[in-house]
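Here are the chains, one letter per residue:
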Amino acid sequence: MVQDPASSALHALRPPGGPVPGLGDLLEAASGSGCGTSLGSGAGPGGVRPVQQPDPYPPVLRGLLREIAGDAAHLMVLTDAAGRVLPPGRPPGPRRAGGASGVPITDPDTGRVIGRVEAGGAGAPHPAVAALVSATARLAEARLELAMRRRDDRLRERFLPHLRALRGEPGVLVTATGRVLAAEPAGWTGRRLPVPFPGAQIELPDGRPALAEPLGEVFLLRLPGVPDDRANPAGRTARTCGAGRRGAGPVPPSGADRRPLTLSLLGTDQPSARLDGRQVPLTLRHAEILALLALHPQGLNADRLSWHLYGEDGSPVTVRAEIHRLRGQLAGLVQAKPYRLACTLVDADFLTVRRLLDEGDVSSAVRLYRGELLPRSDAPAIRAERDELAVGVRGHVLDLGGPGSLWAYAQTDPGRSDLEVLERLRSVLPAGDPRLAAVASRSARLLEADGA
């Protein structure tokens with residue numbers, strides 16, 4: 001418990017159901033600490049990272065908290081949804097806060113209660129305590145909603161072209177928590193649907209079933225068998241970039257292609273691309289080429305691309321032959337001199353994970369990290385990128401990840417046999433968590449195998 005109500009800081013917890021962007025920052029700054037912790041943003045469980053920017057609310061909340069806590073000898077704490085007081089950096093303990101003035105904090109992304117603000121003291125409650133606690137909780141929720149809306153705007157800007165590629169057919173862009181970001185028809189925006197997963201069949205608001213297709217940080221729900229250009233790949237590949245698309249307009253002079261391209265290359269032996277709404281299976285070599293061109297948006301000449309793919313034994317002639325075959329599959333996608341992707345809207349899952357790690361959003365990065373980049377690839381540059389990304393994800397999970405992030409990582413191929421991750425997970429899961437048995441069993445098997 002907090003011992004000095006006049007000077008102690010409110011504490012941020014790692015929520016059991018999802019990350020809380022900026023909640024710890026808001027509450028710690030509110031109590032006058034000046035340097036708090038912030039929970040990672042995204043849909044899944046997350047970890048704590050250092051606060052880099054000052055909170056906009058400290059003058060108001062600091063004054064309120066100090067006045068009430070100091071005059072009435074009350075202390076303010078933040079608990080989890082079960083009422084357990086959580087000091088920073090420790091797993092949930094048995095101590096519970098039971099003040100009558102506790103107010104829940106609801107995550108606007110999931111709709112779930114993720115914590116409570118409690119007040120208590122030795123004497124009678126100060127008349128303003130209840131109002132203060134409620135105001136603190138509402139300010140925390142307002143901060144969460146603001147962060148969520150900013151994140152939603154970024155996701156719409158990035159993924160709306162995929163919805164437009166449906167050519168007016170019913171479709172929905174949803175978050176990983178089931179919130180509708182954008183929809184056709186537009187009246188569905190703002191609704192909440194069942195939480196999607198790859199390949200799931202989700203009922204649209206009009207009652208029709210739709211298939212859930214992962215697009216990086218979001219899902220696209222579309223009707224199966226939509227009768228548009230995706231049903232005629234030959235007709236699509238016969239076109240030049242951007243030609244014949246309704247409302248597309250002329251191709252810019254630079255040759256840029258405005259069709260959205262999504263690359264799914266993590267944790268799979270069957271890599272694929274999604275180009276303007278059409279799913280395209282990729283050979284390993286073509287997936288390697290697309291990954292390298294996504295890594296080098298300014299382009300690579302034949303010699304450099306050959307070196308990245310084959311090392312010192314590579315030949316530009318071999319690269320030119322592979323590019324020719326790739327162009328036959330995805331007409332207009334790859335430009336030459338140097339070789340580069342013509343699409344201006346490229347979303348590669350491994351690059352998204354890298355960006356999320358750079359932003360400190362561990363929970364979202366782990367959710368998207370389904371495994372290593374092109375695990376069957378022997379291309380030198382792909383191996384280097386694969387190893388760097390794997391080390392980065394693991395390091396962030398161990399350093400900053402909460403129980404949810406650790407558990408999600410433990411379900412990936414590299415995480416299943418990572419004893420350090422399992423031991424860390426066992427140390428942070430609360431007593432009675434059903435995942436503890438699985439963690440203990442897997443750890444025992446690994447230890448037994450090491451001793452054999």
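Described in the following lines is the structure provided in the data block. Model, not experiment: these values are computed from the prediction.

### Points about the overall build of the chain
- Broken down by element type, the chain carries 14 helices and 16 strands.
- Of the roughly 20,100 Å² of accessible surface on the chain, 53% is carried by carbon and sulfur atoms.

### A short note on the packing of helix α5 (residues 284–295) against helix α6 (residues 302–310)
- For the pair α5 and α6, interaxial distance at closest approach is 11 Å and the crossing angle is 120°. The angle between α5 and α6 places the two elements in the oblique class. The hand of the α5/α6 crossing is right-handed. Contact with α5, carried on its side by Arg285, Glu288, Ile289 and Leu292, involves Leu305, His308, Leu309 and Tyr310 of α6 and no other residues of that element.

### Overview of helix α11 (residues 403–410)
- Across the 8 residues that make up α11, a large majority, 6, are buried.
- Those residues of α11 that sit buried are Pro403, Gly404, Ser405, Leu406, Tyr409 and Ala410.

### A look at the nonpolar core
- Ranked by internal contacts, the top residues of the largest apolar core, which has 59 residues, are Leu305, Leu333, Val353 and Val393.
- Residue contributions to this core peak at 8 residues, all from helix α10 (residues 380–400).
- Valine 353 has contacts with Leu266, Ala365, Leu368, Tyr369, Leu389 and Val393, leaving out every residue within four places of it along the chain.
- Ranked by size, the runner-up nonpolar core spans 15 residues in total, among them Val174, Ala183, Trp188 and Phe219.

### What to know about the sheet that holds strand β7 (residues 180–184)
- Taken together, the 5 strands give an open sheet; going across it, the order is β7-β6-β10-β9-β8, and neighbouring strands pair in antiparallel fashion. The strands lining the two open edges of the sheet, one partner per strand, are β7 and β8 (201–203). Here the average twist between neighbouring strands, direction ignored, is 30°.
- Pairing of strand β6 (residues 171–175) with strand β10 (residues 218–222) involves 5 bridges; the strand directions are antiparallel. The residue bridging glycine 171 from the neighbouring strand is arginine 222, located in β10.
- Here helix α3 (residues 129–164) sits on the sheet in contact with β6, β7, β9 (209–215) and β10, set at roughly 30° to β7.

### Notes on the side chain of threonine 110
- Note on placement: threonine 110 falls in the loop between β4 (103–106) and β5 (113–121).
- The class for threonine 110 is buried, based on a relative accessible area of 17%.
- There is a polar contact of 3.2 Å between the side chain of threonine 110 and the backbone nitrogen of arginine 112.
- Threonine 110 has contacts with Thr177 and Arg192, leaving out every residue within four places of it along the chain.

### A closer look at the pairing of strand β13 (residues 278–281)
- Where burial is concerned, the two faces of β13 differ: the one with Arg278 and Val280 is buried and the one with Gln279 and Pro281 is not.
- Bridging between strand β12 (residues 272–275) and β13 involves 4 bridges; their strand directions are antiparallel. From the neighbouring strand, arginine 274 faces β13, where its bridge partner is glutamine 279.

### A closer look at the environment of arginine 435
- Within the fold, arginine 435 resides in helix α14 (residues 435–451).
- For arginine 435, a relative accessible area of 24% translates into the label partly exposed.
- The spatial distance from the C-alpha of arginine 435 to the C-alpha of leucine 425 is 9.3 Å, given a sequence separation of 10 residues.
- Residue contacts for arginine 435: discarding those within four places in its chain leaves Pro403, Gly404, Trp407 and Leu429.

### Details of the pairing of β6
- Buried residues dominate β6, accounting for 5 of its 5 residues.
- A two-sided burial pattern is seen for β6, the buried positions comprising Gly171, Leu173 and Thr175 on one face and Val172 and Val174 on the other.
- By the bridge criterion, 4 bridges tie β6 to β7 in an arrangement that is antiparallel. Of the residues in β7, the one forming a bridge with leucine 173 is alanine 182.
- Between β6 and the antiparallel strand that follows it, β7, lie 4 residues; glycine 178 among them carries a positive phi value of about 95°.

### Examining the pattern of salt bridges
- One pass over the structure, following the stated rule, counts 22 salt bridges.
- Here aspartate 152 makes a salt bridge to arginine 179, at a shortest N to O gap of 2.9 Å. Of this pair, aspartate 152 sits in helix α3 while arginine 179 sits in the loop between β6 and β7, and the two are 27 residues apart along the sequence. Each member of the pair, aspartate 152 as well as arginine 179, is classed as buried.

How each quantity is defined
Residues numbered from 1 in each chain as written. Predicted model: local features only at pLDDT ≥ 70, side-chain atom pairs only at ≥ 80, totals over all residues. Heavy atoms only, no water. Helix = DSSP H or I, 4+ residues; strand = E, 2+ residues; numbered from the N terminus. Areas by Shrake-Rupley, 256 points an atom, 1.4 Å probe, with all protein chains shown as cover. Axes fitted to C-alpha atoms, helices over the stretch in contact; angles between N-to-C directions. Parallel < 35°, antiparallel > 145°, perpendicular 65-115°, else oblique. Left-handed = near helix turned anticlockwise from the far one by under 90°. Contact = heavy atoms within 4.5 Å. Buried < 20%, exposed > 50% of the residue type's maximum accessible area, 1.4 Å probe, protein only. Core = buried A, V, L, I, M, F, W, Y, C linked by side-chain atoms within 4.5 Å. Pairing = 2+ DSSP bridges. Polar contact = N/O pair within 3.5 Å; in protein donor to acceptor, adjacent residues only side chain to side chain. Salt bridge = Lys/Arg side-chain N within 4 Å of Asp/Glu carboxyl O.

Functional significance is not addressed by these values, which are geometric in nature.
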